[in-house]
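Structure at a glance
Chain by chain, the residues run as shown.
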Amino acid sequence: MCLAIPMEIISIEDNVARVEVGGVKNQVRLDIIDEQAAVGDFVIVHAGFALRKIDREEGLETLRLFQEGLGLELIK
Amino acid sequence: MNLLNKFRDPKLCQNLLSQIKEELEDEFRFMEVCGTHTVAIFQSGIRSLLPQGMVHLSGPGCPVCVTHDREIAAYLALCEKDLLVATFGDLIKVPGPGGRSLKTAQAEGARIKVVYSALDALNIALENPGQRVVFLGVGFETTAPTVAAVIKMAGKQGIKNFSVLSFHKLVPPALAALAADRQISVDGLLLPGHVSAIIGIKPYLFLAEEYGLPAVIAGFEPLDILQAILVMIRQKHESRARVENNYRRVVADQGNLRAMEVMDDVFERCDALWRGLGTIPGSGLAISSKYEEFDASKVYGQELPLVEEIPGCKCGDVLKGLIQPDKCPLFDTRCTPARPVGPCMVSTEGSCAAYHRYVL
Ligand code: SF4
């Protein structure tokens, strides 16, 4: 029930963002997100609201840590 | 580069799995407390790939599954009043006393509308000023701030025909109840990613400090889950327990302060009833007096009726991880996804439903 999906912000007007993922479009409210969201950002969406922005740098950092721990070269 | 695909990379996953195998000594029991984790673990095949000795338990992590009979009875009582009831779809098949559900009530003529968000319910109220609309508020910290934001909107717009029956529940107090229960033996907890996106890491610290339980906030991709499992096993190995945030791309350690502020403005903590776990102090959210005109329990005087529990349903033992779903005598006999007896069989995220779908 708490399923929350990452969607990309296409446009923002007032407190409402148009978002899209895989061709599915939707509208979400920005009332409870705590960061400045901009067009092109990915946000975690749940029950009509954006909850958090996905931090791409942190994501890459996590992957880098995996990679180091495993001695693999997946991210160049 | 697509970030998400990387978190599903088969090579990385295999690598993590072999590390888990290497580091596992005899048995490790981990519990997840998030329906989305339940589904992800089954669906990705992780469950079937885990080495022998790794025991996966699904705890009380699906808001629908922990809905109490008495709460369902309150919904049904509300349906008898001249109202339009708006609810998330997951709730309408949940059987309550006598096997009756919102679906039964709907078939008998109650006006029940399935909505995707509390906002939809508010819009129905706006479009139908002659109708009184009640939204059934369920869910954990992920959902509660969205409902709180909608109540605030209703307040600002001075809407008079909208209210919420709030049975929202909080995850950390339930984890505290589980951790304190000596019957339960769990070696580590996988903490819910999106609940944590709201509340951050602090509310979980007691798990390690007071109970010596390793606990890891994890995302929902195979890599997230496998890595979290490895982290927990390592902690056990090293005989230390810590709470770690392994989902940093979404969860900030301090959580989402704005969402918490909205939630704290509209709700206050109350004791709540959990199916199978009973009353857990401070584990629920009631609408605060500041917003009482939107509190359906006050507006319609709707209390929790006393009811007889569903005979035979072992949801409580399943949610505590004491038994696997197939050990319930009703599993796949009287209780199936098509005809559920208990709530764990209703929602696709319920332990019994997931087990039914993926293990049988
Ligand atoms: S199989 Fe059905 S009756 Fe048994 S515990 Fe699960 S939901 Fe309850």
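Everything numeric in this text was worked out from a predicted model, so none of it was measured.

Brief notes about the site of the ligand
If you check the shell around the ligand, you find C313(B), K314(B), C315(B), C328(B), L330(B), F331(B), C335(B), G342(B), C344(B), M345(B) and C352(B) and nothing else. Taken together, the residues of the shell around the ligand sort by class into nine nonpolar, one polar and one charged.

Re the confidence of the model for chain A
On average, residues of chain A score 84 in pLDDT, and 83% of them are at 70 or above. Looking over chain A, one finds the lowest element-wise mean pLDDT in helix α1 (residues 56-70) of chain A, namely 73, and the highest in strand β5 (residues 49-53) of chain A, namely 94.

Structural notes on empty space enclosed by the protein
All names here are of chain B. For the coordinates displayed, the defined rule picks out five cavities of 30 Å³ or more. Computed from the structure, the largest cavity encloses a volume of approximately 90 Å³. In terms of lining residues, the largest cavity is bounded by 13 residues, among which C313, C315, C328, C335 and C352 are the most central. Its residues placed into classes, the lining of the largest cavity shows 11 nonpolar, one polar and one charged. Its volume calculated, the second largest cavity comes out at about 60 Å³. Contributions of two or more residues to the lining of the second largest cavity are made by β2 (54-58) and α16 (351-358). The residue inventory of the lining of the second largest cavity, partitioned by class, reads six nonpolar, five polar and one charged.

Quick look at the pattern of salt bridges
Going through the model one piece at a time under the given rule, you end up with 22 salt bridges over all chains. Residue R242(B) is joined to E244(B) by a salt bridge in which the shortest nitrogen-to-oxygen separation is 3.1 Å. R242(B) sits in the partly exposed class, given a relative accessible area of 42%. Of the charged contacts, one joins K298(B) and E292(B) as a salt bridge, the two residues approaching to 4.0 Å between their closest N and O atoms. Overlapping salt bridges bring together D34(A), E35(A) and R52(A) as one network.

Quick look at the interface of chain B and chain A
Across the contact, 46 residues belong to chain B and 34 residues belong to chain A. Both faces combined, the contact of chain B with chain A buries some 3,500 Å², and carbon together with sulfur accounts for 69% of it. Viewed at the interface, chain A and chain B are joined by zero salt bridges. Inspection of the region where chain B meets chain A yields nine residue pairs in polar contact (both at pLDDT 80 or more). Among the elements of the structure, α1 (3-6), α2 (10-23), α8 (144-156), α10 (193-199), α12 (222-237) and α13 (257-266) of chain B are those that each provide at least two residues to the side of chain B that touches chain A. A per-class count over the side of chain B that touches chain A returns 26 nonpolar, 12 polar and eight charged.

Considerations on α16(B)
Residues and elements named next belong to chain B. A large share of α16 lies buried, amounting to six of its eight residues. For α16, the full list of buried residues reads S351, C352, A353, A354, Y355 and H356. Turning to α16, the residues buried within the fold contact α3 (35-43), α4 (46-49), β2 and α15 (315-319).

Description of the packing of α3(B) against α16(B)
All names here are of chain B. Packing of α3 against α16 brings their axes to within 10 Å, and their N-to-C directions diverge by 10°. Our classification of the angle between α3 and α16 gives roughly parallel. In this structure, the crossing between α3 and α16 has a hand that is right-handed. Residues T38, V39, F42 and Q43 of α3 pack against A354, Y355 and Y358 of α16. Of the residues in the contact of α3 with α16, the class split is five nonpolar, two polar and no charged.

Points about the nonpolar core
Residues and elements named next belong to chain B. Counting 117 residues, the largest nonpolar core has F135, F162 and L175 as its most contacted members. Here this core gets eight residues from one element, more than from any other, and that element is α8. Contact partners of L175, with chain neighbours within four places excluded, come to V33, L189, L191, Y204, F206 and L207.

Conventions we followed
- Residues numbered from 1 in each chain as written.
- Chains lettered and ligands numbered in written order.
- Predicted model: local features only at pLDDT ≥ 70, side-chain atom pairs only at ≥ 80, totals over all residues.
- Heavy atoms only, no water.
- Near = heavy atom within 4 Å.
- Nonpolar A, V, L, I, M, F, W, Y, C, P; charged D, E, K, R; others polar.
- pLDDT = per-residue confidence, 0-100.
- Helix = DSSP H or I, 4+ residues; strand = E, 2+ residues; numbered from the N terminus.
- 1 Å grid on protein atoms, 1.4 Å probe; cavity = no way out; pocket = protein on both sides within 12 Å on 5 of 7 lines; lining within 4 Å.
- Points joined across faces, edges and corners; volume = space filled by probe spheres on them.
- Salt bridge = Lys/Arg side-chain N within 4 Å of Asp/Glu carboxyl O.
- Buried < 20%, exposed > 50% of the residue type's maximum accessible area, 1.4 Å probe, protein only.
- Contact = heavy atoms within 4.5 Å.
- Buried area = accessible area lost by both parts, 1.4 Å probe.
- Polar contact = N/O pair within 3.5 Å; in protein donor to acceptor, adjacent residues only side chain to side chain.
- Axes fitted to C-alpha atoms, helices over the stretch in contact; angles between N-to-C directions.
- Parallel < 35°, antiparallel > 145°, perpendicular 65-115°, else oblique.
- Left-handed = near helix turned anticlockwise from the far one by under 90°.
- Core = buried A, V, L, I, M, F, W, Y, C linked by side-chain atoms within 4.5 Å.

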